Amino acid sequence: MSMMLRGLMGACAMTALAVPAVAETLTIATVNNGDMIRMQKMTKPFTDANPDIQLEWVTLEENVLRQRVTTDIATKGGQYDIVTVGNYEVPIWAKQGWLLALEDMGEDYDAADILPPIAEGLSLDGKLYAAPFYGESAMIMYRTDLMEKAGLEMPERPTWDFVFDAARKMTDKSAEVYGICLRGKAGWGENMAFLTSMGASYGAPWFDMEWKPQFSGEAWKKALTDYVAVMNEAGPPGASSNGFNENLALFQTGKCGMWIDATVAASFVSNPKDSTVADKVGYALAPEGEKPQMWLWAWTLAVPSSTDAPDAAKKFVAWATSKAYTEQVAAEEGWANVPPGTRTSLYENPAYLEAAPFAKPTLDSIMSADLKNPTTVEVPYIGTQWVGIPEFQALGTAVGQQFSAALAGQASVDQALQMAQQIAEREMAKAGYPK
C-alpha cells in the first residue's frame, strides 16, 4: 500500500471519527390539554440526560388528534414515534399489532404501581401496550358558594334529579352564571363520552347482546330529554360547541355552578393561578340513576410499531410516566397539580393527599369504574363512556352529531334518537355484526 493511500485512509478515518453522532428526533403527537402542554415545558431534564434525542411536538385538538393518529397508525405511515391515545384504542390497536409492548421500561419504572383498573385497560394478554400519563373518572365540580346560596347541600353522590334541581336554582343568566356546564361538542370522545356514561346510568346501553342498537328505547329517550332540558334551562349559550376545554374556561371564570366531567379537571379549577373561583370549589361523586355514572379513561403514551426509533421512544415514555416526573411537577407546580389517577403510590403520599382535596373522590371513582359492566343490563362490549369496538370512533361521532343538533335546537330529541338508531343499524350491518 502506497504512503499516499495510507495517508488518505488515515485522513478519512480521522474525519469519520470527528463526525458527531446524528441525534434521533422523536415526533410526539399529543392533545392540547393542560397536563400535556405542561409536560412539553418540563422536558429539559430528559433532553439534558439524553442529548442524542430531540423532541418534536405535534399538539392537536382532541378530535383532530384522534383522526390523524388513527389514520397514521392504521396505514403504518410512521409519521409519529410516540402517540397520545386513550384506553379505548390501546387494546384494539395492540390486537392489530399496531403498538409495541412496553416490556423493557427500566429497573425503576415500577409498572406494578399502576392502578389496577388503569393497567388492565392498557394491557393485552398480560402485556402493557401503553403507559398512562394520567387517569381519570368523572366527578361533579361545583361552586360551594352558589350551592349554599341556593339553600342546598351537595350529597357525596347525588341523584340526577338533585343535580338538575340544583342547576336550575343556581342559574342567574343576568349575571352570566349558569347552573350546569356539560359537553355538547360532537365527537365520540367529547359529547358522547358524557352522554354514553349518562345513558348507561339510566339503563340505556348502546347495544343489546345481539348487537342491536338501543336508541329507540325509553331509557335513551329519558336520558337525552333530561340532558337537553337542563342544558336549555340552566346551561350556557352555545353549549353545542363546548367540549372539555371550553367548559373548563367557563368554570374557571366563574360562569358555571356545576360541571360534571373528568376528574383530571379538578387540579385546574382549584389552581388560583388559573381559576377565579379556586377557593370556592367542592367535589362530589358523579350522579346516580339506575346505576352510578361510571367513567374510566387514561390519556397514555404509546409507541407505534411503525417507528424507526423504538428504544428512544420507550425511553421517553418511561421518563414522562415515571414517579420521577411526578416529583418534578410537584417541585415546580405543587403536589395538587401532578398528573393524577395512574399510580397507587400517589394516593399513599401524605403530601399529595393534603394538597389535593379531590384526591379521594378521584381514587374512589376510578376504582369503582367497571369496564365490563357499565350499565344495568348485560352488554356484549366493554367500556363506560365508550364502546370497545373499532367502529365506535366513526359511529360515536356520527351519533354525537345528532345529539349535538338536538341540543342546538336543530332537531327534536325524538328526531335525534331516530337518526341515531338508523345510523347505528346501518353501520353495524355494514361492519358485519353480529360477528
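These numbers come from a predicted model, not from an experiment.

1. Some thoughts on the packing of aromatic side chains
Counted under the stated rule, the structure contains 32 aromatic pairs. On the numbers, 6.2 Å between centres and 85° between planes, the contact of Trp160 with Phe194 is edge-to-face. Within this pair, whereas Trp160 is found in helix α8 (residues 160-170), its partner Phe194 is found in helix α9 (residues 191-201), the two being separated by 34 residues in sequence. Pair check on accessibility: Trp160 and Phe194 agree, each one buried. Pairing Phe215 with Phe403 gives two aromatic rings, centres 6.0 Å apart and planes at 80°, and the pair type is edge-to-face. Placement of the pair is Phe215 in the loop between α9 and α10 (218-234) and Phe403 in helix α17 (residues 392-407), with a sequence separation of 188 residues. Over the aromatic face of Trp188 sits the side chain of Arg66, whose NZ or CZ is 4.2 Å from the ring centroid. The side chain of Arg343 reaches across the aromatic face of Tyr109, ending 4.9 Å from its centre.

2. Comments concerning the pairing of strand β6 (residues 131-136)
With respect to burial, β6 is a largely interior element, 6 of its 6 residues being buried. Pairing analysis gives 5 bridges linking β6 to strand β10 (residues 297-302), with the strands arranged antiparallel. Its bridge partner lying in β10, Tyr134 is registered against Trp299.

3. Quick notes on the nonpolar core
One finds Trp206, Tyr227, Met258, Phe316 and Phe403 to be the most contacted residues of the largest nonpolar core, which totals 149 residues. No other element matches the 8 residues that α10 contributes to this core. Residue contributions to this core reach at least three from each of two domains, namely domain 1 (15-129 + 297-355) and domain 2 (138-295 + 376-430). Apart from residues no more than four positions distant in its own chain, Phe403 is found in contact with Asn191, Met192, Leu195, Phe215, Trp220, Leu224, Ala416, Leu417 and Ala420.

4. What to know about the domain arrangement of the chain
Assigned domains of the chain: these are domain 1 (15-129 + 297-355) and domain 2 (138-295 + 376-430). For domain 1 versus domain 2, the separation of C-alpha centres amounts to 28 Å. Opposite the 19 residues of domain 1 that make contact, domain 2 presents 22 residues. Roughly 1,600 Å² of surface becomes buried between domain 1 and domain 2 when both sides are summed, with 50% attributable to carbon and sulfur atoms. Taken together, domain 1 and domain 2 are joined by 1 salt bridge. The salt bridge involving Glu61 is made with Lys185; its shortest N-O contact spans 3.8 Å. Our count for the domain 1 to domain 2 interface comes out at 5 residue pairs in polar contact (both at pLDDT 80 or more). At the level of elements, α2 (34-41), α4 (62-74) and α5 (89-95) are the ones that each hand at least two residues to the side of domain 1 that touches domain 2.

5. Concerning unusual backbone geometry
Cis rather than trans, the peptide bond between Tyr433 and Pro434 has omega equal to 0°. Examined against the element boundaries, Pro434 turns out to sit in the segment after α18 (413-430). The backbone of Asp125 shows a phi angle near 55°, a positive value even though the residue is not glycine. Summarising the element assignment, Asp125 is placed in the loop between β4 (123-124) and β5 (127-128). In this structure, Trp211 takes a positive phi of about 65° despite not being glycine. Relative to the assigned elements, Trp211 resides in the loop between α9 and α10.

6. Focus: the environment of Gly77
By secondary structure assignment, the location of Gly77 is in the loop between α4 and β3 (82-86). Sequence spacing of Gly77 and Thr376 is 299 residues, and the spatial spacing of their C-alpha atoms is 41 Å.

7. Structural notes on the side chain of Gln293
Along the polypeptide, Gln293 turns up in the loop between β9 (281-285) and β10. Within polar-contact distance, the side chain of Gln293 engages the side chain of Ser197 at 2.9 Å. When sequence neighbours within four positions are dropped, the list of residues in contact with Gln293 reads Arg157, Trp160, Phe194, Ser197, Met198, Ser201, Ile260, Ala286 and Pro287.

8. Considerations on the pattern of salt bridges
Summed over the entire model, instances satisfying the criterion amount to 23 salt bridges. Arg66 serves as the salt-bridge partner of Glu62, at 2.6 Å between the closest nitrogen and oxygen. Of this pair, Glu62 and Arg66 both sit in helix α4, 4 residues apart, which is roughly one turn of that helix. Pair check on accessibility: Glu62 and Arg66 agree, each one buried. It is possible to trace a salt-bridge network through shared partners that takes in Glu61, Lys185 and Glu246.

9. Here's the deal with the side chain of Gln328
Structurally, Gln328 can be placed in helix α14 (residues 323-333). Non-local contacts of Gln328, meaning those with residues more than four positions away in its chain, are made with Met42, Pro45 and Trp319.

10. Quick notes on α18
Between its first and last C-alpha, α18 extends 26 Å over 18 residues, near the 26 Å set by a 1.5 Å rise per residue. Residues Val413, Ala416, Leu417, Ala420, Gln421, Ile423, Ala424 and Met428 constitute the buried set of α18. Those residues of α18 hidden inside the fold are in contact with α10 and α17. Trailing α18 by a residue or two, Gly432 shows a phi angle of about 85°, which is positive.

What counts, and at which threshold
Residues numbered from 1 in each chain as written. Predicted model: local features only at pLDDT ≥ 70, side-chain atom pairs only at ≥ 80, totals over all residues. Heavy atoms only, no water. Phe/Tyr/Trp six-rings, centres within 6.5 Å; stacked < 30°, edge-to-face > 60°. Helix = DSSP H or I, 4+ residues; strand = E, 2+ residues; numbered from the N terminus. Buried < 20%, exposed > 50% of the residue type's maximum accessible area, 1.4 Å probe, protein only. Lys NZ or Arg CZ within 6 Å of the ring centre and 35° of its normal. Pairing = 2+ DSSP bridges. Core = buried A, V, L, I, M, F, W, Y, C linked by side-chain atoms within 4.5 Å. Domains from an automatic or database assignment. Contact = heavy atoms within 4.5 Å. Buried area = accessible area lost by both parts, 1.4 Å probe. Salt bridge = Lys/Arg side-chain N within 4 Å of Asp/Glu carboxyl O. Polar contact = N/O pair within 3.5 Å; in protein donor to acceptor, adjacent residues only side chain to side chain. Expected span 1.5 Å × (residues − 1).

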